[in-house]
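Architecture and fold: a report
Okay, here's what each chain looks like letter by letter:
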Amino acid sequence: MIPAARVQAAIDILDRVIDGAKGQGAPADRIVSEWAKANRYAGSKDRRAIRELVYEAIRHCGEVPVSGRAAMLAQASRDESLLALFDGSQYGPEPIREGEPVAEAGIAPAWLIERLAASCVESDEAAALMGRAPLDVRVNTLKGDRDGLDLPEPGEHLAAPNGLRFEAGTQVDQWDAYREGRIEVQDHGSQLVCLAAGARPGETVIDLCAGAGGKTLALAAALENTGRLIASDTDKRRLAQLGPRAQRAGATIVDQRLLDPGKELEALGDLEAQAECVVIDAPCSGVGTWRRKPEAKWRLTPDRLTRFAATQDHLLALGAKLVKPGGRLVFITCSLLDEEGPDRFARFLERHEGWRADPPSLPLGRARGPEGATGIRLSPSHDGTDGFFVARALLTC
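The text that follows walks through the structure, step by step, so that each part is easy to find. Every value quoted in this text rests on a predicted model; they were computed, and no experiment measured them. (Residues numbered from 1 in each chain as written. Predicted model: local features only at pLDDT ≥ 70, side-chain atom pairs only at ≥ 80, totals over all residues. Heavy atoms only, no water.)

Moving on, we come to the pattern of salt bridges. Per the counting criterion, the structure on display carries 30 salt bridges. The network of salt bridges with shared partners includes E52, E56, R59, R78 and R132. (Salt bridge = Lys/Arg side-chain N within 4 Å of Asp/Glu carboxyl O.)

Bringing the side chain of T289 into the picture now. Relative to the assigned elements, T289 resides in the loop between β8 (275-281) and α14 (296-299). Within polar-contact distance, the side chain of T289 engages the backbone oxygen of G286 at 2.8 Å. With sequence-adjacent residues up to four places away left out, T289 is seen in contact with C334 and D386. (Helix = DSSP H or I, 4+ residues; strand = E, 2+ residues; numbered from the N terminus. Polar contact = N/O pair within 3.5 Å; in protein donor to acceptor, adjacent residues only side chain to side chain. Contact = heavy atoms within 4.5 Å.)

Of all seven residues in β8, six are buried, a share of seventy percent or more. The pairing of strand β5 (residues 204-207) with β8 spans three bridges and is parallel. By the bridge assignment for β8, V205 is matched with C277. When β8 meets strand β9 (residues 323-333), the two strands line up parallel, connected through six bridges. Of the residues in β9, the one forming a bridge with D281 is I332. (Buried < 20%, exposed > 50% of the residue type's maximum accessible area, 1.4 Å probe, protein only. Pairing = 2+ DSSP bridges.)

With that settled, consider the packing of aromatic side chains. Using the criterion set out here, one finds two aromatic pairs in the structure. Between F166 and W175, the ring centres sit 5.3 Å apart and the planes meet at 80 degrees, which makes this aromatic pair edge-to-face. The class for F166 is buried, based on a relative accessible area of 5%. Relative to W355, the ring of F348 lies with its centre 5.5 Å away and its plane at 65 degrees, an arrangement referred to as edge-to-face. Overall, F348 belongs to the buried group, its relative accessible area being 3%. Above the ring of Y178, the side-chain terminus of R248 is found at 4.6 Å from the ring centroid. (Phe/Tyr/Trp six-rings, centres within 6.5 Å; stacked < 30°, edge-to-face > 60°. Lys NZ or Arg CZ within 6 Å of the ring centre and 35° of its normal.)

Another point: the nonpolar core. If you look at the biggest cluster of nonpolar residues, it comprises 34 residues, and the most contacted ones within it are V7, I13, V54 and M72. If you list the elements that add at least two residues to this core, you get α1 (3-23), α2 (28-38), α3 (44-60) and α4 (68-76). Per-element accounting of this core gives the leading share, ten residues, to α1. With near-sequence residues (within four places) excluded, M72 lies in contact with V7, A10, I11, L14, L53, A57, L82 and F86. Counting residues in hydrophobic clusters, the runner-up holds 31 residues, among them A199, A210, A249 and V330. (Core = buried A, V, L, I, M, F, W, Y, C linked by side-chain atoms within 4.5 Å.)

Enumeration according to the criterion identifies zero disulfides in this entry. Free cysteine: C209, not disulfide-bonded; nearest cysteine sulfur from C284 at 10 Å. Residue C209 is classed as buried on the basis of its relative accessible area of 13%. Among the cysteines around C334, which has no disulfide bond, C284 carries the closest sulfur, lying 3.4 Å off. C334 gets classed as buried once you look at its relative accessible area, which sits at 17%. (Disulfide = S-S within 2.5 Å.)

What follows concerns the environment of S123. Secondary-structure assignment places S123 in helix α7 (residues 123-127). Residues S123 and I107, 16 residues apart in the sequence, show an inter-C-alpha distance of 10.0 Å.

In this section: the sheet that holds strand β2 (residues 156-157). With respect to topology, four strands assemble into an open sheet ordered β2-β3-β1-β4, the strand pairing being antiparallel. The two strands at the open ends of the sheet, each matched to only one other strand, are β2 and β4 (183-185).

This part covers unusual backbone geometry. Even without a glycine there, the phi angle at C120 is positive, about 65 degrees. You can see C120 is positioned in the loop between α6 (110-118) and α7. Residue classification places C120 among the partly exposed residues on the basis of a relative accessible area of 49%. Within the chain, S123 stands out as a residue other than glycine whose phi angle is a positive 50 degrees.

Right, dumping it as structure tokens:
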């Protein structure tokens, strides 16, 4: 493809991404993948270049653009080489018209910038959310250890005891170590918040919002395949992905349970007051993952944020019923907004007697939250991880 054709392809994809964001449709990565499948004439270099154009434009625009062309014109305003490609050629974009819309540069929509600032996420902290994430893996200790692992590339040792970092785009899924379950792709921050669970062999641990099971597999390794590990979720499609992953990883203690929203105890009733640890990786806005999913900033609304907070309150109350006296509740969100982290944890402690905060000790992160309800915040700018909030509470009676 000629360069101008790549720009036009990126504009077409951006139109679909914008429509998807407005209507809660397909995410950007799926749209890009579908475009590639439908346009097989585009070679690997073309696909890579188009993807880069799409994601750079998304990162550069704050408010939702009126069109893909407006988004690309905003990108061209800081990259003069793109301006010349609006040349009206056969497969390229039309020439630039005087006064046509150009998207505004920014990190996120204005209302979200205000919410971030209220959570002390400003300047470099906010800008880092639009950076590019590296590729992190966790060495699966059920099948080996970090020092003894032989990989095609060595990887950078991370603060998490089993973490390695590679350049973004490294195709670790083509490595024997990945196919054999000796490594799992998992962000460094996600590995660190799993440490907050303090899972020990022989314990009963519940991963209440397991999703596709990334944290479940880390917990299975920490348990050394002993005890009980219950992985539950309301999303049947995502939970179905855990089985093959657990088999590959050699995690044999995982008990999967599909939950009915609002009726979770029908599937978990036998576990009331039985668990030493309940991990709640709660549904949230995903602000901390914008480096990987930058268009998520366009999907969030104040109403959705309010609903996420209500869901988090519900899950904390549910998880508390499953913890035995002396046990612990670990609350995690991949968000940097206080209303999805410290505020929820503080509210939980205010409303539930017998619980006290027990801030985890992690090698990275900073304390966040009011006195008596403090957790740990991880951020791209400060820690080089995805953004997370994690807090731990102990049931004292």
